[in-house]
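What follows is each chain in one-letter form.
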Amino acid sequence: MSQTTLLEEVEQWSLDTCKNELKTVLPKLVSIHCLTDSWTDHIRVLRIILDMFLPHLRLSELEEECFSKVLPKVVGVFGNLMDEISSQVSGLSSQNTELTASLRNILQVMVQTLEAVAMCVRHVCALEGVSRLSEVRSLPSCVLYLLRNTFQHCKESEVMYSGRLSLVGDLLQALFKEAYNLQKGLIELLDHISLRDEDVSDIVTVIHSLLDICSIISSLDMALHANTWKFIIKQSVKYQSLVEEHLRHVDITSCLCADLQGSLNGCLELAEQIKHEGLKAHSPEVKLFQKSMKMCRFFANTLVHYVKEFKDFMAASCPRLHLLFLQIHSKFPPCLGAPSLPPAVSEELSGAVIVAMDALLTQLLAFRPFAESVLAEHQSCSGDSALAHCLLLVSVVVQLSSQPDGTLQLWCEGSRFPEDTLRLSVFDAVFQSFGRCTLERAWPVRLPGVMLRGQAQGAVSLHQHVCVQLCACVAALPAPQLPPLERSLLRALLQPDAQTALLAADVWCFLARYGTAELCLQHVVLVADLAKSCPEEAPQRSHLSLLLRRMLFLMTPAHQMELLERFPVSQEENVRVWGHLLLRSLAPDVRARLEQGLAATAASVVADWQKDGCRLGRVDRVNGVLWGLKVVVRVEVPEAECVSAVLTILTQLWSRMCASQVQKHGPLQQTVCLLLSLSACLVKRLEPHTISQAVSCLSALLPLKALDEVTLAALEFLAALGSVFIPSDVQPVVLPRLSAVFGALLASDSWLLHQHALEAFGVFAEVTNHEEVISQGLTSEETKTRVVNFLSKTVVGEEQTEARLERLRADSAVLDTHTRALESGQTHAHTHGKGEEQPQDEPNTHTAERGPESQGDATVEPCAKRPRQECVRWEEADVHLQAAEGALRALQALAAAATTAGTPHSSSSPPQWVLTRLQELQTLITHISKQAEEGT
């Protein structure tokens, strides 16, 4: 009997005949099916086998007699059909009817194949007693292969068929529908089966295959996508003890994170579209948004559930989970990159996602790999992720108070042993991340505040939000965790970023108030020692001094007196400790003793300096005690004796200031700044000739370029002069110069100095009796317009929100670069060097000179690498020659002073080492000249 005759005959059989001829005919049909090359014959034979003989097979015979022999052929044919479509689809068009019919025939065969395999699944589900997956092992693998390829084809169909999709669209819909039903049937089948140890590899394969399918169907159908994930998680948890060591947890977690993020992005895009177009509640977009939001909630809760069940296997997934926290938080306010949504929508989305993220954080808090990921020293957080990372750390801090000792130690102490993965303490990490939020602090962003005494919850700055949560954590922190906190506070205080240091100072002050008086004393002594040893020009000194000033308010009078005895003001090096405080923070007896000591020390140092010939090398001593005098004069009612001593010093020192030398020497610039500040405080008690000397000095310094500190101090002094009536005998000298100084400062190119100049001029103009200074100081119409706009509070060219944000982004980038350079010690200091110690045999300040190169500004960005040069560029020689010329002229002036001074502190003949060095310089100059001549 031929193959065709057999098929025709079998198709006419009844069910009873098929049952009777099962053992004889089924092997023949299976052989025909395996050997046929015709797609039509393939599907014909397959349907005969499944429709007429499959119902008569016992459960024990299904795999061996049918599935293991038929389904591999099905897989092979289906793969060939996919390949055939790929090879022919490029020629598809409405004109090519033959090719269209061929492709439609192929798709029809694929649909029939899925229907046939679905019949197998339904048959097995209907059987009773199926308890092992191995009994039908070939069926799940075949189904999963068909599903994956079918869904992939449907996903790529829009691109594959391009504009010709309408020619086969009905069959593609049928194909997807059959695949949908087939997967549904497979899930039902696997739900009915109870696995055993020998089935582990099979169910793991199923889970991983469905995981791959999830990545394909995520954009095809929400319900199918969600149901697939439900099955994956359900089976993973159901057989947790069997499969937990075999599952690809990293892949499952990564896919969940990606699907959650994708759903959230889709929600946000739809929400923006709805807001922009003003769509109504019943529009398709709004309904799709509601479905997408449900998917967000589903994926978030699914992730939380999966991590809870398999937390011990999440070590490798912790970096991905950390990244997810940053990605999610960056999509919500207050992150500046978050989309602008209606408050109700944003709150609803937050409830669906952020709440789940908080629950996930609670689960991971005691997990060391997660802590190591979040607390890694070098975080690649930039842009919006910087704020998201900061908020994540604050969330950790909020939950620490309810955690056991082991978790507290994990987050608070950082890595303790060399073999540990390097991690910061959570306090170090908070301060570090806060320092990176330069843009968010400048904007500033607003966060929900703490509700107090039943008052409505208000919005607070990032600084206040972080500070409040840190202080709340400090209040609940057990004693063993205080040392790591103190170390973190000190590190944060000593970093260059001023706002981060201020945050650390706020928390430190809370700690001092919350602790005992003895603890406060210990901290004050520590800070005072650091402030005393910190270099004058270091930014950390101002941070230390600010904290010291604030903590003095928290000390008991007895401890204040003890501190004064530990750092006696009679010793010059201790003046810098007391030079930043506020006298009102001290008890009356401590204050009186400190004022007297500062005035006496200052008078002694200034007298010694004058007796010593006013040497430039000892100006730093004078500057140190002048700094301390600012504390004495900046009180409402200073003591008369102290005021008299300060006025005497001012009179003496103003007469010594020479503008030409101030421009060249950094220490003298600092002296002028201090004299101006002191004079501003005591301006009503200054003698007219002292005021004249000060104004003359400022006038001679014009233009005040590269002297920003002098400029700011001068503005303070000039503003104070408005309250003083200049006597007629010095008016011809003071008033014109005063007008010239104001005119120069109001024309400043620096917006910051210009703003301060406007403020100072406004204060002066409001109270002065010398109105001619006002009119003569406005030297141009542009300056006059700016002053009028400032005084009338007129905003010219108000900056738009988008433009301001972009400007702040650019400013933040510069600030971050500058801060990093300060942290690494790579910033270029001023070459003149404030506080630079001069040789002890330096001559009188009235004869010393220094080259103009000493006035270079510090750069705010690291210098770019110099490109490779093919030849020597002699244009650079001009810079070096100017520097050398300036230094040689200074040496020439030094030699001239040595021959004419005639003081006991000078010598008419230079030391031998000076002559030796001069000869070496002469030899070097001769050698350079010869090399240059040879080059020409």
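Before any of the text, the structure's been laid out above.
Quick caveat, the model's predicted, so the values are computed rather than measured.

K.L.:
Which residues make up helix α21 (residues 462-476), and what values go with them?
P.N.:
Its 15 residues give α21 an end-to-end C-alpha distance of 22 Å, which sits within 8% of 21 Å, the value for a rise of 1.5 Å per residue. Within α21, burial applies to Leu462, His463, His465, Val466, Cys467, Gln469, Leu470, Cys471, Cys473 and Val474.

K.L.:
If you had to explain unusual backbone geometry to someone new, which residues and values would you point to?
P.N.:
With an omega of 10°, the peptide bond running from Pro333 to Pro334 counts as cis. As for its placement among the helices and strands, Pro334 is situated in the loop between α14 (318-329) and α15 (343-364). You will see that Cys614, though not glycine, has its phi angle at about 55°, which is positive. Take Cys614: it is sitting in the loop between α28 (588-611) and α29 (619-633).

K.L.:
Run through the state of the cysteines, naming residues and quoting values.
P.N.:
For the coordinates displayed, the defined rule picks out zero disulfides. There is no disulfide at Cys214, and the cysteine sulfur nearest it, in Cys255, is 7.5 Å away. Take Cys214: its relative accessible area is 1%, and that puts it in the buried class.

K.L.:
Provide a residue-level description of the nonpolar core, including the pertinent values.
P.N.:
If you look at the biggest cluster of nonpolar residues, it comprises 229 residues, and the most contacted ones within it are Phe53, Phe67, Leu139, Trp229, Trp411 and Val426. Ranked by the residues each element gives to this core, the list is headed by helix α6 (residues 97-126), at 15 residues. What Leu139 contacts, discounting residues up to four positions off in sequence, is Phe67, Leu71, Val117, Cys120, Val121, Val124 and Leu189. Within the second largest apolar cluster, 69 residues are counted, among which are Leu653, Val710, Ala714 and Leu778.

K.L.:
Please set out the packing of aromatic side chains residue by residue, giving values where relevant.
P.N.:
The full count for this structure, using the stated rule, is nine aromatic pairs. For the ring pair Phe370 and Trp411, a centre distance of 6.4 Å and an interplane angle of 65° mean the geometry is edge-to-face. In this pair, Phe370 is assigned in helix α16 (residues 368-374) and Trp411 in helix α18 (residues 405-412), connecting sequence segments 41 residues apart. When sorted by exposure, Phe370 lands in the same class as Trp411, which is buried. Relative to Phe764, the ring of Phe742 lies with its centre 5.1 Å away and its plane at 50°, an arrangement referred to as tilted. Highlighted residues: Phe742 in helix α35 (residues 731-746) and Phe764 in helix α36 (residues 751-767), separated in sequence by 22 residues. Residue classification places Phe764 among the buried positions, given a relative accessible area of 1%. Site record: aromatic cluster; members linked through ring pairs are Phe151, Phe176 and Tyr180. Above the plane of the ring of Phe434 lies Arg441, whose end atom (NZ or CZ) is 4.9 Å from the centre. The ring of Trp627 carries Lys630 above its face, with NZ or CZ at 4.1 Å from the centroid.

K.L.:
Talk me through helix α32 (residues 666-681); I want residue IDs and the actual numbers.
P.N.:
The end-to-end C-alpha distance of α32 is 23 Å, a good match for the 22 Å that 16 residues give at a rise of 1.5 Å each. Of all 16 residues making up α32, 15 are buried, and the element is well covered by its neighbours.

K.L.:
Which residues make up a nonpolar patch on the surface, and what values go with them?
P.N.:
Taken together, the side chains of Leu888, Leu891, Leu894, Leu915, Leu918, Leu921, Leu924, Ile925 and Ile928 make up a nonpolar region of the molecular surface, amounting to roughly 730 Å² of accessible area. Residue assignment for the nonpolar patch shows that the elements contributing at least two residues are α40 (877-900) and α41 (912-935). If you trace the backbone, Leu921 turns up in helix α41. Judged by its relative accessible area of 37%, Leu921 is partly exposed.

Criteria and thresholds
Numbers given to residues run from 1 along each chain, matching the order in which its sequence is written. Predicted model: local features are reported for residues with pLDDT of at least 70 only, side-chain atom pairs are reported and counted for 80 or more only, and whole-chain, interface and lining totals are derived from all residues. To obtain the side-chain values, all non-hydrogen atoms of the structure were included, while hydrogens and water were left out. Helix and strand assignments come from DSSP, with helices taken as H or I runs of at least 4 residues and strands as E runs of at least 2, each series counted from the N terminus. Helices are assigned an expected span. That span is 1.5 Å times one less than the residue count. Only protein chains enter the accessibility calculation, which uses a 1.4 Å probe. A residue is then buried if its area is under 20% of the maximum for its type, exposed if over 50%, and partly exposed in between. Defined by distance alone, a disulfide is two cysteine sulfur atoms within 2.5 Å. By convention a nonpolar core is built from buried Ala, Val, Leu, Ile, Met, Phe, Trp, Tyr and Cys residues, the set being connected through side-chain atoms within 4.5 Å. Throughout, a residue-residue contact means that at least one pair of heavy atoms, one from each residue, lies within 4.5 Å. Pairing of aromatic rings covers Phe, Tyr and Trp, the last counted by its six-membered ring, and requires centre-to-centre distances within 6.5 Å; plane angles under 30 degrees mean stacked, over 60 mean edge-to-face, and any other angle means tilted. A ring has a charge above it when a Lys NZ or an Arg CZ is no more than 6 Å from the ring centre and no more than 35 degrees off the ring normal. A patch consists of residues whose relative accessible area exceeds 30% and which take part in no salt bridge; residues with like charges are grouped when within 9 Å of each other, and nonpolar side chains (Val, Leu, Ile, Met, Phe, Trp, Tyr) when within 5 Å. Computed by Shrake-Rupley with a 1.4 Å probe, the accessible areas treat only the displayed protein chains as cover when residues are assessed. A pair is scored as a salt bridge if a Lys or Arg side-chain nitrogen falls within 4 Å of a carboxyl oxygen belonging to Asp or Glu.

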